[in-house]
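Descriptive analysis of the structure
Take a look at the letters that make up each chain.
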Amino acid sequence: MVAKSRISTLLGNITPSATLAVTAKARDMKAAGLPVIGFGAGEPDFSTPDYIVEAAVKAARDSASHHYTAAKGLPALREAIAAKTLRDSGYEVDPNNILVTNGGKQAVFQAFAALLNPGDEVLLPTPYWTTYPEAIKLADGVPVPVMAGADQGYKVSVDQLEDARTDATKILLMCSPSNPTGAVYTPAELKTIGQWALERELWVVTDEIYEHLVYDGLAPTHIVHLVPELADQTLVLNGVAKTYAMTGWRVGWMIGPSDIIKGATSFQSHLTSNVCNVAQYAAIAAVSGPLDAVYEMREAFDCRRQRMVELLRTVEGMEVPTPHGAFYVYPDVTGLLGKEIAGHVAHTSADLAEIILKEANAAMVPGEAFGPSGFLRLSYSLSDADLEEGVGRIVELLNSAR
């Protein structure tokens, strides 16, 4: 009798989130008494603004929040998201074409589940967020990485996308500002890509979770605003996590054509039912309120961004493009591979990350989590003091390479 696997092939093939793993490892080492500084976090280190918390407290005391609500999301929240989209993105959305999800990750997964059939290909600008290929594969799709290195500012060109396109291509994924690189497409670049997708009749899934975290005088750019004709073949993913320091509240959303939203809503009705009502009321306060707290947070991030780039650029053999969005720096470390560092030799960026963790007590995510080896992702979502201390250790260690 042939022994059956205890776990399904579907779940057995999933790669755990590398970013969460690094953060957990740093936390465990710190709890064990080691002076570890973590650069792996993909979340703001600020508290959720008080007015949002107060809205949640009020909702928790209202018995109406204690029961099931519509799987699609509270009507008041969907209306608030529509108003926020008009305010921030510059185009109108029907609240009926919005689905509120349990965080941005659920929106990502349900977007691919709603669009993909077995064998459909998704063009995946690379480096990519670690969850994208897993969500694509779980929906029976095929991720097709399209690599843009440091020399391109980590931004793919239309020519690269066209070269990667096949008859099986159905979706183009876009994420600007980018996790993990902090790259931000200009309006001209995004419009060119949007027009190309429109002409090729491709779906666009655009993740805009970092929309307000842009620097150097840049403004958020939105592909549907730039190419309005794309609206009928685009799913816009967003949430409150990054903009409002609400990663733990788990409220995201997807905007798209009515038939796709209807299908995704039916799926969610069986998968998770409604999003936590208390969190939804907090999200109403967030998206309806002013952006003052967001801008204060962004100003702090900007100072840290500039300082981290300045320090890392003192490392010989490390190329550090300037990130214009999100809260990550993504240096190219191929110039350090093969060199001896504190008695160790790193052949991959995963090796290098391990050496840095062991010798400098600094935790970061290696490039293998986001595509090819040869890169490191460092989050500057940490205190100024920890940034100075941690990056100082890294610089001292890596400048000893020979």
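Structure's up top.
Residues numbered from 1 in each chain as written. Predicted model: local features only at pLDDT ≥ 70, side-chain atom pairs only at ≥ 80, totals over all residues. Heavy atoms only, no water.

**A closer look at the overall build of the chain**
Here is the rule: Secondary structure elements are taken from DSSP: a helix is a run of H or I of four residues or more, a strand is a run of E of two residues or more, and numbering for both begins at the N terminus. Atoms counted for the radius of gyration: C-alpha only. Globule rule: 2.2 Å times residue count to the power 0.38. Partly exposed residues are those whose accessible area sits between 20% and 50% of the maximum for their type, while under 20% is buried and over 50% is exposed, using a 1.4 Å probe and protein chains only. By definition in these notes, contact holds between two residues if any of their heavy atoms fall within 4.5 Å. Only the protein chains shown count as cover for residues, with accessible areas throughout obtained via the Shrake-Rupley method and a probe of 1.4 Å. Only four residue types enter the tally: Lys and Arg on the positive side, Asp and Glu on the negative side, with His and both chain ends excluded. Where a charge sits is defined by one atom per residue type, namely NZ (Lys), CZ (Arg), CG (Asp) or CD (Glu).
Within the chain, the regular secondary structure consists of 14 helices and 14 strands. Its C-alpha radius of gyration of 21 Å places the chain within 12% of the 21 Å reference for a compact globule of 402 residues. Considering only C-alpha atoms, the chain reaches an extent of 60 × 60 × 50 Å along its principal axes. Residues classed as buried in the chain amount to 54% of the 402 residues present. Residue pairs at least 24 apart in sequence account for 74% of intrachain contacts in the chain once pairs closer than 6 positions are excluded. Of the accessible surface of the chain, which amounts to about 17,200 Å², a share of 53% is contributed by carbon and sulfur atoms. Separation of charge centres in the chain, based on 31 positive and 47 negative side chains, amounts to 6 Å.

**Re the sheet that holds strand β13 (residues 365-366)**
The cut-off we apply is this: Strands were regarded as paired on the criterion that DSSP finds at least two bridges between them.
Here 3 strands make up an open sheet; going across it, the order is β9-β14-β13 and the pairing antiparallel. What marks the edges here is a single partner per strand, and that holds for β9 (328-329) and β13.

**Regarding helix α12 (residues 292-312)**
Side chains three or four residues apart in an α-helix point the same way, a direct result of the helix having 3.6 residues per turn. Operational definition: By this rule, a helix spans an expected 1.5 Å times one less than how many residues it contains.
For α12, built from 21 residues, the straight-helix expectation of 30 Å at 1.5 Å per residue is met to within 8% by its first-to-last C-alpha distance of 30 Å. Buried residues of α12: V294, M297, F301, D302, R304, R305, M308, V309, L311 and L312, and no others. Here the buried face of α12 lies against β9, β14 (376-379) and α14 (384-398).

**Considering the side chain of T169**
The following threshold applies: For the purposes of these results, a polar contact is taken to be a pair of N or O atoms within 3.5 Å, where, inside protein, one atom must be able to donate a hydrogen and its partner to accept one; residues adjacent in sequence count only when each atom of the pair is a side-chain atom.
Inspection of the secondary structure assignment puts T169 in strand β5 (residues 169-175). Residue T169 is classed as buried on the basis of its relative accessible area of 10%. A distance of 2.8 Å separates the side chain of T169 from the backbone nitrogen of T166, its partner in a polar contact. Excluding residues within four positions of it along the chain, T169 makes contact with E121, L123, A164 and L202.

**A few points about the pattern of salt bridges**
Where we set the bar: A side-chain nitrogen of Lys or Arg and a carboxyl oxygen of Asp or Glu constitute a salt bridge if their distance falls within 4 Å.
This model, assessed by the stated rule, comprises 16 salt bridges. Its salt-bridge partner being R304, residue D45 comes within 2.9 Å of it at the nearest N-O pair. Taken together, the residues D45 in the loop between β1 (37-38) and α3 (50-60) and R304 in helix α12 connect sequence positions 259 residues apart. Looking at R304, the relative accessible area reads 7%, which means it is buried. With a shortest N-O distance of 3.7 Å, E134 and K137 are connected by a salt bridge. You can see E134 and its partner K137 sitting in helix α6 (residues 131-138), 3 residues apart, about one turn around the helix.

**Comments concerning the sheet that holds strand β6 (residues 203-207)**
The test is simple: Here, axes are lines fitted to C-alpha atoms. For helices the fit covers the stretch in contact, and angles between N-to-C directions go from 0 to 180 degrees.
Spatial strand order, β2-β8-β7-β6-β5-β3-β4: 7 strands in an open sheet with mixed pairing. Edge strands, defined here as strands with exactly one partner in the open sheet, are β2 (98-101) and β4 (142-147). Each adjacent strand pair in this sheet contributes to an overall mean axis angle of 20°, direction not counted. Of the strand pairs in this sheet, strand β3 (residues 121-126) and β4 are connected by 6 bridges, and their pairing is parallel. Pairing of L124 across the sheet is with P145, part of β4. Contacts from helix α8 (residues 187-199) reach β3, β5 and β6 within the one sheet, and its direction differs from that of β5 by about 165°. The sheet contacts of helix α10 (residues 258-271) involve β2, β6, β7 (234-239) and β8 (252-255), and relative to β2 the element is tilted by about 30°.

Without other data, these values stay purely geometric and don't point to any function.
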